[in-house]
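Take a look at the letters that make up each chain.
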Amino acid sequence: MKLPDPTVIRTDVLVVGGGLGGVRAALRAQELGADVTVVEKAVISRAGPMTYVHSQFAPYKLLEGDELRQWMEEFVVGANYLADQEWLEVYLREAYFRVQELVHMGVPYVRDEQGRLKYSLVRGHKVGTTLGADGRATMEVLRRELTRRRVRLIEKVMVNDLLTTDGRHPTRDRICGAVGFHVRTGEPYLFLAKAVILNTGPFYPKIHYAYVDHCTGEGHAMAFRAGAELAGMEFAQYAAWSYFNRQFFTPGQAKIQGIGARFVNALGEEFMPRYDPIWGNFSGLFQVARAIATENLEGRGPCFVDMRHCSDEDLAVLYKVVPTLERAFKEFDIDPKKDLLRVDPFILIGTGSSSGVRVDLWSRASLPGLFAVGTCTHLPIMMTGISGSSLSTFSNVGGYRAGEKAAEIARQMAHHPPHDPQQVKELIAGFCAPLSRRGQTRPCDIWMAIGEVTAEAGFALFKNEARIARTRDRLREIRHMLLPRVTAPDVHELVKANEVANYLQMAEVACEAMLARKESRGELIRADYPYQDNDDWLRWIIVRRQGEGEGLSLSFWDLPYDRYPIPPKRGKVPLTFPIPEEYRVAPEAASERSMERRGA
Ligand SMILES: Cc1cc2nc3c(=O)[nH]c(=O)nc-3n(C[C@H](O)[C@H](O)[C@H](O)COP(=O)(O)OP(=O)(O)OC[C@H]3O[C@@H](n4cnc5c(N)ncnc54)[C@H](O)[C@@H]3O)c2cc1C
């Protein structure tokens, strides 16, 4: 099949993905004189996880001295001591300015009757404050700003691979651009850039949740293929509890918790304090989802969220910042002042509170010329934390920093670095391969197979070495047996075929990292290591591709606690979280037992 020649765009700074982080990076680089191009797979402010966000971490003043330390401590403890405290300090100091800039741009944050910004608390914070704002409205303001400043914006183009100056993957040299495709016409794009900033968001399977069906990990996977380091991949577990009344999903979980909602089981017991004695109903998404699943498994389900005691004023703020929740309540005839809402959890391989491209304090990835911001990074301010709302502000701060450094690189380079035309050809041919195959295997078949392998409770909730290895092997089998047969009769399916390939690659990497961490921490619960080990495991697992084949290398980075202001609590901390009896035994025996229970 003859492939069309790509449209070529030369730019100083290429930003891939127009979430909050990408737009902030673009605006800052442009402000410093760089020629900037933002390429977005969908349409900015009409798609993507940021349109779903309802609250943004926002210090109510410039933090200093003891107060700064107190806020840091809240993050460090919430992050199970895995946060990079140097990044955290930068984040907490700069967040105030970055949010105030958004205020001046016109982001409609919630205000009180006197017109003052209304700061409030959300899940994971007892001191750290947030501001409520509809994420879609936030992105509309930022999009207007891009247009006003005439930043080049190319929408509906999916970027799938990075270019390297030596034409190799993994590279021994630097990143010099990217290739992408129009998601409607299939027209290829070649971007030549002095610096590339990835902001492709989280990686998720397609489960029609949280406006992220099209965020399948291209940023993660393209960085990995090019040889960049990833970190926190063992925590790539996303859990949520907001499948309401078995009828609808909506955003707003942190905010619902923030206004004081309570979780109760079928016996009317408030169960969260049992699972999380410190945070109780304010606990992290993962803890709440796992608690509900455990209540259900042990016969005390179904579970509910109770907002009947919440004030009208709090509910009004909730509706203002999460308008879809109010719409859903109306559509399904729910009155939260009278009705309990049934909640059902789900857990899958995908971005939780970390897992992505490893970045330094300037959002630089480990390859020259490459940056990453937002949820496609390993979120060094948390790694395994429970802080609600801090992620968008990490995009805000990290994006600004990336834009600043990328503009500096562009200024210092007289010419664009060279690229390899053969690499461009091969990458385009690889992307288009499903178009020329015959057969009936479609991307949705692969998603189905992945779902079956990863959703099983023994893997999703209570892992052990054998169960993780089995899941990894099954994912590998899907990649070897099914993926090469995927066909795409049109561009729509072609996009999906590449999305599922990227996700699958990252899901396997996640399993490798899960196997390597021999303890339980944050989103990773290992039934064979039922404790958090603060003697041996205050370290990050760094994953890199090794050679041109499938190999990967794992290494460790010990957190430099000798430099950090907040010391860790050393020792082994047993899991306070109960592991149901059936998941304490070998997987084979467990599955036989559950078959018996179901009467099979
Ligand atoms: C259920 C849920 C609730 C959340 N609630 C909150 C909250 O209340 N507060 C908060 O601070 N954070 C919240 N988050 C996190 C939030 O999504 C991020 O903080 C926020 O979206 C900013 O992320 P980002 O800058 O990485 O960009 P994103 O918003 O993730 O945007 C990434 C962009 O990249 C584009 N893209 C993806 N792939 C490609 C590609 N291949 N080529 C080109 N473009 C591509 C996407 O279309 C998207 O526009 C929540 C996340 C989830 C999943």
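Residues numbered from 1 in each chain as written. Predicted model: local features only at pLDDT ≥ 70, side-chain atom pairs only at ≥ 80, totals over all residues. Heavy atoms only, no water.

Re the nonpolar core
Turning to step 1, where the next piece is worked out: The biggest cluster of nonpolar side chains holds 92 residues, and the ones touching the most others in it are Tyr91, Leu92, Leu198 and Leu370.
Turning to step 2, where the next piece is worked out: In terms of residue count, the dominant contributor to this core is helix H16 (residues 491-516) (13 residues). (Core = buried A, V, L, I, M, F, W, Y, C linked by side-chain atoms within 4.5 Å. Buried < 20%, exposed > 50% of the residue type's maximum accessible area, 1.4 Å probe, protein only. Helix = DSSP H or I, 4+ residues; strand = E, 2+ residues; numbered from the N terminus.)

Re the pairing of strand E1 (residues 7-16)
Look at any regular strand and the pattern is simple: side chains alternate between the two faces of the sheet.
Turning to step 1, where the next piece is worked out: Counting buried positions along E1 yields 7 of 10 residues, so the element is predominantly enclosed.
Turning to step 2, where the next piece is worked out: Pairing geometry for E1 and strand E9 (residues 188-198), over 9 bridges, is parallel. What sits directly across from Thr11, in E9, is Ala193.
Turning to step 3, where the next piece is worked out: Pairing analysis gives 4 bridges linking E1 to strand E2 (residues 36-40), with the strands arranged parallel. Opposite Leu14, over in E2, you have Thr37 as the bridge partner.
Turning to step 4, where the next piece is worked out: Between E1 and its parallel partner E2, the chain crosses via helix H1 (residues 20-31), and the hand of that crossover is right-handed. (Pairing = 2+ DSSP bridges. Right-handed = clockwise from strand over helix to strand, strands pointing away.)

Some words on the domain arrangement of the protein
Interfaces are frequently sized by the accessible area removed from exposure as the parts join.
Turning to step 1, where the next piece is worked out: Split by domain assignment, the protein resolves into domain 1 (237-338) and domain 2 (436-597).
Turning to step 2, where the next piece is worked out: In this structure, domain 1 and domain 2 have C-alpha centres spaced 27 Å apart.
Turning to step 3, where the next piece is worked out: On the side of domain 2, 14 residues touch domain 1, which itself brings 12 residues to the contact.
Turning to step 4, where the next piece is worked out: Together, the buried faces of domain 1 and domain 2 total about 1200 Å²; carbon and sulfur atoms form 66% of this surface.
Turning to step 5, where the next piece is worked out: When the buried surface of domain 1 facing domain 2 is broken down by residue, Gln237, Arg290 and Leu297 rank first, second and third, together holding 54% of it.
Turning to step 6, where the next piece is worked out: Inspection of the domain 1/domain 2 interface yields 1 residue pair in polar contact (both at pLDDT 80 or more).
Turning to step 7, where the next piece is worked out: Among the elements that make up the side of domain 1 that touches domain 2, the one with the highest residue count is helix H8 (residues 285-297) (7 residues).
Turning to step 8, where the next piece is worked out: Among the residues making up the side of domain 1 that touches domain 2, the classes are represented as 6 nonpolar, 3 polar and 3 charged. (Domains from an automatic or database assignment. Contact = heavy atoms within 4.5 Å. Buried area = accessible area lost by both parts, 1.4 Å probe. Polar contact = N/O pair within 3.5 Å; in protein donor to acceptor, adjacent residues only side chain to side chain. Nonpolar A, V, L, I, M, F, W, Y, C, P; charged D, E, K, R; others polar.)

Thoughts on the pattern of salt bridges
Turning to step 1, where the next piece is worked out: Summed over all chains, the structure comprises 52 salt bridges.
Turning to step 2, where the next piece is worked out: Connected via shared salt-bridge partners are Arg472, Asp473, Arg476, Arg479, Glu508, Glu512 and Glu550. (Salt bridge = Lys/Arg side-chain N within 4 Å of Asp/Glu carboxyl O.)

Things to note about the pairing of E2
Turning to step 1, where the next piece is worked out: Burial of E2 is extensive: 5 of the 5 residues sit out of reach of the surface.
Turning to step 2, where the next piece is worked out: Here E2 shows two buried faces, one formed by Val36, Val38 and Glu40 and the other by Thr37 and Val39.
Turning to step 3, where the next piece is worked out: One ladder, built from 4 bridges, connects E2 with strand E6 (residues 152-155); its direction is parallel. Residue Thr37 lies in a different strand from E6, and its bridge partner there is Arg152.

Describing the packing of helix H13 (residues 443-454) against helix H15 (residues 465-482)
Turning to step 1, where the next piece is worked out: With their axes 9 Å apart at the nearest point, H13 and H15 run at an angle of 165° to one another. Accordingly, the angle class assigned to the pair H13 and H15 is roughly antiparallel. At the point where H13 passes H15, the crossing takes the right-handed sense. The segment H13 lies against H15, with Ile446, Ala449, Ile450, Val453 and Thr454 engaging Thr471, Arg474, Leu475, Ile478 and Leu482.
Turning to step 2, where the next piece is worked out: Per-class residue counts for the contact of H13 with H15 are 7 nonpolar, 2 polar and 1 charged. (Axes fitted to C-alpha atoms, helices over the stretch in contact; angles between N-to-C directions. Parallel < 35°, antiparallel > 145°, perpendicular 65-115°, else oblique. Left-handed = near helix turned anticlockwise from the far one by under 90°.)

Here we look at the sheet that holds strand E20 (residues 552-558)
Turning to step 1, where the next piece is worked out: Taken in spatial order, the 4 strands line up as E16-E10-E19-E20 in an open sheet, and their pairing is antiparallel. The sheet terminates laterally at strand E16 (356-357) and E20, the two strands that pair on one side only.
Turning to step 2, where the next piece is worked out: Direction of pairing for strand E10 (residues 230-231) relative to strand E19 (residues 539-545): antiparallel, over a ladder of 2 bridges. Within E19, the residue paired with Leu230 across the bridge is Val543.

Overview of the sheet that holds strand E3 (residues 55-57)
Turning to step 1, where the next piece is worked out: Reading across from one edge, E3-E5-E4 is the order of the 3 strands in this open sheet, with antiparallel pairing throughout. This sheet does not close on itself; its edge strands, each paired only once, are E3 and strand E4 (119-120).

A closer look at the packing of H15 against H16
Turning to step 1, where the next piece is worked out: It is at 9 Å that the axes of H15 and H16 come closest, and there the two elements cross at 160°. Relative to H16, the element H15 lies roughly antiparallel. Taken as a pair, H15 and H16 cross one another with a handedness that is left-handed. For the pair H15 and H16, the contacting residues are Glu465, Ile468, Ala469, Thr471, Arg472, Leu475, Arg476, Ile478 and Arg479 in the first and Leu504, Ala507, Glu508, Cys511, Glu512, Met514 and Leu515 in the second.
Turning to step 2, where the next piece is worked out: When grouped by side-chain class, the residues that make up the contact of H15 with H16 number 9 nonpolar, 1 polar and 6 charged.

What about H15?
Turning to step 1, where the next piece is worked out: An ideal rise of 1.5 Å per residue puts 26 Å on 18 residues; H15 measures up with 25 Å between its terminal C-alpha atoms.
Turning to step 2, where the next piece is worked out: Regarding H15, the residues found buried are Arg467, Ile468, Ala469, Thr471, Arg472, Leu475 and Ile478.
Turning to step 3, where the next piece is worked out: The N-cap residue of H15 is Asn464: its side-chain oxygen and the backbone nitrogen of Ala466 are 3.2 Å apart. (Expected span 1.5 Å × (residues − 1).)

Let's talk about helix H9 (residues 312-321)
Turning to step 1, where the next piece is worked out: Inspection of H9 places Leu315, Val317, Leu318, Tyr319 and Val321 among the buried residues, and these make up the whole buried set.
Turning to step 2, where the next piece is worked out: Those residues of H9 that are buried lie in contact with strand E5 (130-132), helix H6 (253-258) and helix H10 (323-331).

Digging into the site of the ligand
Turning to step 1, where the next piece is worked out: The environment of the ligand is formed by 35 residues, the closest being Glu40, Ser55, His214, Thr375 and Ser392.
Turning to step 2, where the next piece is worked out: Met50 has a polar backbone atom sitting 2.9 Å from an oxygen atom of the ligand.
Turning to step 3, where the next piece is worked out: Contact between the ligand and Ser392: an oxygen atom at 2.5 Å from a side-chain N or O atom of the residue.
Turning to step 4, where the next piece is worked out: Where the shell around the ligand is concerned, the elements lending two or more residues are H1, E2, strand E7 (157-164) and helix H11 (390-412).
Turning to step 5, where the next piece is worked out: Partitioning the shell around the ligand into residue classes produces 17 nonpolar, 15 polar and 3 charged. (Near = heavy atom within 4 Å.)

Some points on the packing of aromatic side chains
Turning to step 1, where the next piece is worked out: The tally for this structure, following the rule as stated, stands at 27 aromatic pairs.
Turning to step 2, where the next piece is worked out: Ring geometry for Phe248 against Phe332: centres 4.8 Å apart, planes inclined by 10°, an arrangement best described as stacked. Residue Phe248 is found in strand E12 (residues 248-249), and its partner Phe332 is found in the loop between H10 and strand E15 (341-349); the two are separated by 84 residues along the sequence.
Turning to step 3, where the next piece is worked out: Looking at Phe248, the relative accessible area reads 7%, which means it is buried.
Turning to step 4, where the next piece is worked out: In this structure Phe332 comes out as partly exposed when scored by relative accessible area, which is 27%.
Turning to step 5, where the next piece is worked out: Ring centres of Phe249 and Phe346 lie 5.4 Å apart, and the angle between their planes is 75°; this geometry places the pair in the edge-to-face category. With Phe249 in strand E12 and Phe346 in strand E15, this pair connects stretches of sequence that are 97 residues apart.
Turning to step 6, where the next piece is worked out: Accessibility expressed as a relative area gives 31% for Phe249, which makes it partly exposed.
Turning to step 7, where the next piece is worked out: Judged by its relative accessible area of 16%, Phe346 is buried.
Turning to step 8, where the next piece is worked out: Members of the aromatic cluster, joined through ring pairs, are Phe57, Tyr60, Trp71, Phe75, Trp87, Tyr91, Tyr119 and Phe394. (Phe/Tyr/Trp six-rings, centres within 6.5 Å; stacked < 30°, edge-to-face > 60°.)

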